[in-house]
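Summary of structural features
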Amino acid sequence: QVQLVESGGGLVQTGGSLRLSCVASGSIFMINAMGWYRQAPGKQRELVATITRGGSTNYADSVKGRFTISRDNAKNTVYLQMNSLKPEDTAVYYCNAAVVRTSTTYQYTYWGQGTLVTVSS
């Protein structure tokens, strides 16, 4: 099995910064795309940012210029640096990874349990 564990969430004031981390562990041969999604109360889960194994990134328009996604392939870890936070960034943030498991040729998608980010006005 594969587990994703997020950390780094918390309470921050408007304009502040947080850095989220997500570590993947378990029967991992290789991780392809990784990403961050978020879900605010009463809303659907939405994409925040994704990053390929080679480092190509994609961002939601609402976070461009404020958030930066990065990864460390050797550590099976993805990060989300969030700057200039706004109250509308308040949500549970989930990491996501496309994992090729050991002893298989198939790719599976895994999700973390989520970490809460609250931005106070």
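Residues numbered from 1 in each chain as written. Predicted model: local features only at pLDDT ≥ 70, side-chain atom pairs only at ≥ 80, totals over all residues. Heavy atoms only, no water.

Brief notes about the overall build of the protein
- Looking only at helices and strands, the protein has 0 helices and 11 strands in total.
- Starting at the N terminus, the α and β elements of the protein follow one another as β-β-β-β-β-β-β-β-β-β-β.
- Compactness check: the protein gives a C-alpha radius of gyration of 14 Å against a globular reference of 14 Å for 121 residues, within 12% of the reference.
- Referenced to the eigenvectors of the C-alpha coordinate spread, the extents of the protein come out at roughly 50 × 25 × 25 Å. (Helix = DSSP H or I, 4+ residues; strand = E, 2+ residues; numbered from the N terminus. Rg over C-alpha atoms; globule rule 2.2 N^0.38 Å.)

Looking at the state of the cysteines
- Taken as a whole and assessed by the stated rule, the structure comprises 1 disulfide.
- C22 shares a disulfide with C95; S-S distance 1.9 Å. You can see C22 sitting in strand β3 (residues 18-26) and its partner C95 sitting in strand β9 (residues 91-101), a full 73 residues away along the chain. Each member of the pair, C22 as well as C95, is classed as buried. (Disulfide = S-S within 2.5 Å. Buried < 20%, exposed > 50% of the residue type's maximum accessible area, 1.4 Å probe, protein only.)

Considerations on the side chain of E6
- By the element assignment, E6 lies in strand β1 (residues 2-7).
- Buried E6, no salt bridge; nearest opposite-charge side chain is R45, N-O distance 7.6 Å.
- Polar side-chain contacts of E6 include one of 2.8 Å to the backbone nitrogen of C95.
- Here Q113 takes part through its backbone nitrogen, which lies 3.0 Å from a polar atom of the side chain of E6.
- Setting aside residues no more than four positions away along its own chain, E6 makes contact with S21, C22, W36, Y93, Y94, C95, G112, Q113, G114 and T115. (Lys, Arg positive; Asp, Glu negative; His and termini not counted. Salt bridge = Lys/Arg side-chain N within 4 Å of Asp/Glu carboxyl O. Polar contact = N/O pair within 3.5 Å; in protein donor to acceptor, adjacent residues only side chain to side chain. Contact = heavy atoms within 4.5 Å.)

Overview of unusual backbone geometry
- Even without being glycine, N76 reaches a positive phi, approximately 50 degrees.
- Tracing the backbone through its elements, the reader meets N76 in the loop between β7 (67-72) and β8 (77-82).
- With relative accessibility at 23%, the residue N76 sits in the partly exposed group.
- Although it is not a glycine, S103 sits at a positive phi angle of roughly 65 degrees.
- Looking at the secondary structure, you find S103 in the loop between β9 and β10 (107-111).
- Using a relative accessible area of 81% as the deciding quantity, one classes S103 as exposed.

Topic: the nonpolar core
- Core analysis: the biggest nonpolar cluster contains 32 residues, and W36, L80, M82 and Y93 have the highest contact counts within it.
- Broken down by element, this core gets its largest block of residues, 5 residues, from β9.
- Ignoring any residue separated from it by four or fewer positions in sequence, one finds L80 in contact with L18, R19, L20, W36, V48, A49, F67, T68, I69 and Y93. (Core = buried A, V, L, I, M, F, W, Y, C linked by side-chain atoms within 4.5 Å.)

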